[in-house]
Amino acid sequence: MIVVTGATGTVGSAVVGGLRERGVPVRALVRDAASVPAGWDAGVEAVVADFADPASLDAALAGAETVYLLVAAQSAMVEHERNVIDAAVRSGGRPRVVLHAAAGADGGPTGARFVDAHVAGFAHLRASGLPWTVLTPNGFFQNFLGMAASVRTGVLAVPGGRGAVSYVDARDVAAAAVAVLVEDGHQGAVYTLTGPDSLTHDALAEVLAETVGHPVRYVSPSPEQALESLVGAGYPRWNAEGLVELYGYYAAGRAADVSPDVEKLTGRPARSFAAFAAEFATTFTTPPPGA
Ligand SMILES: NC(=O)c1ccc[n+]([C@@H]2O[C@H](COP(=O)([O-])OP(=O)(O)OC[C@H]3O[C@@H](n4cnc5c(N)ncnc54)[C@H](OP(=O)(O)O)[C@@H]3O)[C@@H](O)[C@H]2O)c1
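Predicted model only: the values in this text are computed from it and were never measured.

1. Things to note about the packing of aromatic side chains
Each aromatic ring pair is described using two quantities: the centre-to-centre distance and the angle formed by the ring planes.
Part 1 of the argument: Using the criterion set out here, one finds 10 aromatic pairs in the structure.
Part 2 of the argument: An angle of 45 degrees between the planes, with centres 5.3 Å apart, marks the rings of Phe141 and Phe276 as tilted. On the criterion of sequence distance, the pair formed by Phe141 in the loop between strand 6 (132-137) and helix 5 (148-152) and Phe276 in helix 11 (residues 273-279) is long-range, its members being 135 residues apart.
Part 3 of the argument: Taking 5.0 Å as the distance between ring centres and 80 degrees as the angle between the ring planes, the aromatic pair formed by Phe144 and Tyr167 counts as edge-to-face. Of this pair, Phe144 sits in the loop between strand 6 and helix 5 while Tyr167 sits in the loop between strand 8 (164-165) and helix 6 (170-182), and the two are 23 residues apart along the sequence.
Part 4 of the argument: By way of ring pairs, the aromatic residues Phe141, Phe144, Tyr167, Tyr247, Tyr250, Phe273, Phe276 and Phe280 are connected into one cluster.
Part 5 of the argument: Seen from the ring of Phe122, Arg126 lies directly overhead, with NZ or CZ sitting 4.1 Å from the centre.

This is how it looks when you write it as C-alpha cells:
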C-alpha cells in the first residue's frame with residue numbers, strides 16, 4: 001500500500017490523481033474527514049491523521065509499503081517530518097519513504113529555513129535505517145498564481161534580486177513523484193526537480209507581460225520591505241521570514257541549476273514557464289468574481 005501525506009495540497013492532490021490514473025490503490029491522509037476531495041474514487045482510502053499526533057500516524061501508516069512524505073511549510077515542519085518517519089519505523093514493515101523536500105536539501109544548512117527543515121528531515125530519514133528516495137524540487141510556477149493581482153497592475157514584486165531560478169511546475173513534481181512511487185530502482189536516489197530553464201525575475205516578468213499583453217515591471221524590494229509587506233498581508237511571521245530568506249537564496253543564484261530529472265522520471269520534458277503562463281492567462285488577466 002502506498003500512503004500519501006499532504007494529499008489535499010498542491011502537489012499531493014496531483015500525486016493521488018496520478019497514482020489513480022495508473023490504477024494504483026492509495027491511502028491518503030486528510031486532517032478532516034469532511035475535507036475529502038469529491039474527485040477521489042473508491043481506490044482512495046482516506047484516513048484522518050495529523051502530523052502532530054503520532055498515534056494517528058501509527059494508524060495511518062499500518063501496513064504501508066511506501067510512504068510519500070510531504071509536510072506543509074510551517075514552523076512545526078521539522079517535527080512533522082520526524083513524526084512521520086518515526087511512525088514509519090514503528091510500523092515495523094520497513095516502508096520506503098519518498099521524501100518531498102526542496103532543492104538544496106541534499107546539502108548542508110543554507111540559511112533558508114524552508115530548505116533547512118528538509119535538510120534536517122533528510123538527515124533523520126537517513127538515520128532511521130529505512131529505505132528512502134528524496135525529491136528536491138525548486139520553487140513552483142504555481143507560486144506566481146498568488147501574485148496575479150499584482151501582475152494585473154503591471155508589477156511583479158519579490159525580493160529575488162538578479163538571481164536566476166529554475167522554477168518548476170508542481171504538476172511535473174507530482175508526475176515525477178508518481179514514477180518514483182510505483183517503479184523499482186529508486187532507492188537511495190536524490191532527484192532534483194526543476195523546470196527546463198533558469199530565469200531571472202526580470203525574464204519571468206517579461207514572460208508574464210507577453211501573456212497579459214501589457215508591461216509587467218519586476219521590482220525587488222529590500223528584505224525589510226518584503227518582510228513588512230508579507231506580515232501586513234497576513235502571513236505568519238515565521239513563514240514571512242522564511243520567504244524572505246528563500247528569495248535571498250534565490251538572489252544569490254543558489255537555485256539556478258537546471259536538472260534533467262523531471263524528463264528522466266516522467267519521459268517527457270518539463271513544462272516551461274511560458275507554457276504555464278499561457279495556460280493560466282485568464283488568472284493573470286481577469287480578477288476573480290467579487291474581487
Ligand atoms: N512552494 C514551493 O515553491 C516549494 C518548492 C519546493 C519545495 N516545497 C515544499 O513543498 C511542500 C509544500 O507542498 P504543497 O505546496 O503541495 O503544500 P500545500 O499545498 O500547502 O499542502 C500541504 C498539505 O499538508 C497537509 N497538512 C498541513 N498540516 C498538516 C498536519 N498538521 N497534519 C496533516 N496534514 C497536514 C495539508 O492538509 P489540509 O488540506 O488539511 O491543510 C495539505 O494536504 C513543503 O514541504 C515545501 O517546503 C515548496
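2. So, the sheet that holds strand 1 (residues 2-4)
Part 1 of the argument: Overall, parallel pairing links the seven strands, which are arranged 3-2-1-4-5-6-9 in an open sheet. Each edge of the open sheet carries a strand with a single partner, namely strand 3 (44-48) and strand 9 (190-193). Neighbour-to-neighbour, the strand axes of this sheet turn through a mean angle of 20 degrees, independent of strand direction.
Part 2 of the argument: Summarising the sheet, strand 5 (residues 96-100) and strand 6 pair through four bridges and their orientation is parallel.

Basis of the calculations
- Residues numbered from 1 in each chain as written.
- Predicted model: local features only at pLDDT ≥ 70, side-chain atom pairs only at ≥ 80, totals over all residues.
- Heavy atoms only, no water.
- Phe/Tyr/Trp six-rings, centres within 6.5 Å; stacked < 30°, edge-to-face > 60°.
- Helix = DSSP H or I, 4+ residues; strand = E, 2+ residues; numbered from the N terminus.
- Lys NZ or Arg CZ within 6 Å of the ring centre and 35° of its normal.
- Pairing = 2+ DSSP bridges.
- Axes fitted to C-alpha atoms, helices over the stretch in contact; angles between N-to-C directions.

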